[in-house]
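# Geometric and topological summary
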Amino acid sequence: MAGFIPEDKISEIKYAADIVDIVSEAVLLKKAGKNFIGLCPFHTEKTPSFTVSPDKQIFYCFGCGSGGNVFSFLMKQEGLSFPETARRLAKRYGIDLPIKPLSPDQKKKISEREGLLDINRRAMDFFNQALRRGTAGQAARSYLAHRGISQKTIDDFKLGYAPDGWDRLLNYFDSQRVSPSLIEKSGLILPRKKKSGYYDRFRNRIMFPIIDANMQVIGFGGRVLDDSLPKYLNSPETPVYNKGRSLYGIQQAKEKCRAAGTVFIVEGYLDLLALYQHGIENSVATLGTALTSDHVRLLTRYAGRMVLVYDSDEAGIRSAQRCIGTFWKEHVDFRRQDVFSEEKADTHILVLPAGHDPDSYVFKHGPEAFLKAASKSPGIITFLMNRAVDKYGLSTEGKIRIISELQQSLAAINDRVAQALYIKQLAERIGIAETAILERIRDISADKSRRISTGVPTNTPLSGSKIRDEKESVLEAMGPEGIFTGSRIERQIIAMMIQFPEILADVNNYKVLELFNDDTLKGIGESILEINPTSADQVSELMSQADDRQTQALIASLAMGDESWNRKGCLRLLGKFVESGRKLRDGGLLEMQIKAAEKINDHALLLKLLAQKQKMAERSEKQKMAILNEN
Ligand SMILES: [Zn+2]
């Protein structure tokens, strides 16, 4: 229902809502200087690193890097959408939300959705009753008992039984006067092929209602009681059910995931129930589909660490290869925001011993063994590397195949620092020069637009973009003098711009942002220059402009600092940045060229390059002095 709340009402809510007020309902806050601190609700911690600033109306956790404004807090804490959050806050602060009159089309959509959710809930109760009672449910009850499913698990997950027969559910709804065309839309009944009328989709099956994070029944899975096929039958996609966005068990798991900081992702209903029953409640199951980026995005709300559990190497490899890009995009970026974070968001692959699925494994070996195996499970890239090495061996032929097999996955990592580190790891593991692997990967990712603008003119003599890229990656990975430093300075500069707006004119005059390597930071800097810097609502305005949660957390982290800025110190920082930036961009390349010239004993070229280096140093000195002398 996005977009139904008028913009001026959103502003009114923002003005009325107090973040300390709202956060206090979920977190015990203590005053600490200008701010409040408490134990973070988004990760497990013993000493408080969760900070709320009443002045800036933002929160930031120095432990896990989550941050944002009052809207982001409620969305993350309660798993609400933006409009839901706005409604909640409006109600609490007594703001009338005159809902814009809906168009007939919108009205129809909403009432259809509500109708379908209602039908699903009633069907769930019908199936649940059928499982509890009578002789028909007896076979289903014994099947579940035979699988070791307890009565408590049946109750907690509202399992059910679809009776045998063509029209049992149909008759039930008929007695309640529900229109068959709406039931048909829910996927619970199908039109008969040869004559008029309908018949039940699910017959003589154990029913697993699929419930979303907001406790709405969105669909069903049904399993046969014997070996007949198809073993599983799921609801079709409907206006309320999309399997690529839904996870079985999320309603039970979300709080547990939050508390544990980890989520286990399995592939089947019974796998999930087995883990749940053994106390591993922070688990969800995909619904007959590969893990999608929507799944990952949903789960990052609840847990930083994800463990994907598979019953075979092949399934693990296929899934790892398929979702590697998704993870780097949706999941791992989230950890880069926070330089202080020790608890890193992480994705692992757990392959169970041959012949086991999670269900059989926990029943046979118990939950401790499962958790122990999970704690040793390799990260997603390491997993792929191990499997490739196992498969091809370390002969020359083998190494070539290993690189071919891994190049796509490595290219999919859109975090250049992480990518360079993994390349280094692979290079060491199989004894091949990093540059050789890099070259292969750069060819693949050449089209991918996520390139850092280097600021080096394209006509720089001897420059090849490939060499420059390699050098950068190596610098990025190796630190401490690489782009790590540059990026830290960039963070510092943005923090300064937020906390000390007097400096904005200088940042603008010296075109400092043009030298930024990090596009996100650069974007934030540009927004700051656009917003009237004297406005007290600067931070909240920045938050509204940020288009995703990660950027909001980044802004919160930068705004939260308590440094005392003065003009002189600020100018020194800008000077240092301009100088180091230039050194890195031009000097790094030049150093490489000098080394190459030395290697091939080209004295004429060497002299030319050294002269260039000298000139560059003088130029950057001049620019630095210009900034420093300003004051
Ligand atoms: Zn935290």
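Keep in mind that what you see is a predicted model, and the values were worked out from it rather than measured.

## What to know about the coordination of the zinc ion
Every protein donor of the zinc ion is accounted for by Cys-40 (SG), His-43 (ND1), Cys-61 (SG) and Cys-64 (SG), and the metal-donor separations fall at 2.1 to 2.3 Å. Classification of the site at the zinc ion rests on its four donor atoms, whose angles at the metal span 102 to 118°, yielding the label tetrahedral. Taken in sequence order, the residues that donate to the zinc ion follow the motif C-x2-H-x17-C-x2-C. Of this pair, His-43 sits in the loop between β2 (35–38) and β3 (50–53) while Cys-61 sits in strand β4 (residues 58–61), placing them 18 residues apart in sequence. Pair check on accessibility: His-43 and Cys-61 agree, each one buried.

## Some details on the packing of helix α5 (residues 104–132) against helix α6 (residues 136–146)
As a packed pair, α5 and α6 sit with axes 7 Å apart at the nearest point and diverge in direction by 85°. Relative to α6, the element α5 is oriented roughly perpendicular. Side by side, α5 and α6 meet where Ala-130, Leu-131 and Arg-132 of the first sit next to Gly-137, Ala-140, Arg-141 and Leu-144 of the second. A breakdown of the residues in the contact of α5 with α6 according to their chemical character gives four nonpolar, one polar and two charged.

## Considering the pairing of strand β10 (residues 217–224)
Extensive coverage of β10 is indicated by the burial of eight of its eight residues. Strand direction decides the pairing type here: strand β9 (residues 205–211) and β10, joined by seven bridges, are antiparallel. When the sheet's bridge partners are listed, Arg-205 is paired in β10 with Val-224. Bridge analysis of β10 against strand β11 (residues 232–234) gives three bridges, and the strand direction is antiparallel. Each residue of the ladder has a partner; that of Gly-222, found in β11, is Leu-233.

## As for unusual backbone geometry
Working note: non-glycine residues mostly have negative phi, and peptide bonds are mostly trans. The linkage connecting Leu-229 with the following residue, Pro-230, adopts the cis geometry, with an omega of -5°. Inspection of the secondary structure assignment puts Pro-230 in the loop between β10 and β11. Phi is positive for Gln-57, close to 60°, though the residue is something other than glycine. By the secondary structure assignment, Gln-57 is in the loop between β3 and β4. Judged by its relative accessible area of 22%, Gln-57 is partly exposed. Non-glycine residue Met-215 carries a positive phi angle of around 70°. As for its placement among the helices and strands, Met-215 is situated in the loop between β9 and β10. In this structure Met-215 comes out as partly exposed when scored by relative accessible area, which is 46%.

What counts and how
Residues numbered from 1 in each chain as written. Predicted model: local features only at pLDDT ≥ 70, side-chain atom pairs only at ≥ 80, totals over all residues. Heavy atoms only, no water. Donors = N, O, S within 2.8 Å, 3.2 Å for Na, K, Ca; no water. Tetrahedral: all angles 85-135°; square planar, octahedral: opposite > 155°, others 65-115°. Helix = DSSP H or I, 4+ residues; strand = E, 2+ residues; numbered from the N terminus. Buried < 20%, exposed > 50% of the residue type's maximum accessible area, 1.4 Å probe, protein only. Axes fitted to C-alpha atoms, helices over the stretch in contact; angles between N-to-C directions. Parallel < 35°, antiparallel > 145°, perpendicular 65-115°, else oblique. Contact = heavy atoms within 4.5 Å. Nonpolar A, V, L, I, M, F, W, Y, C, P; charged D, E, K, R; others polar. Pairing = 2+ DSSP bridges.

Any functional reading would require information that these geometric values do not contain.
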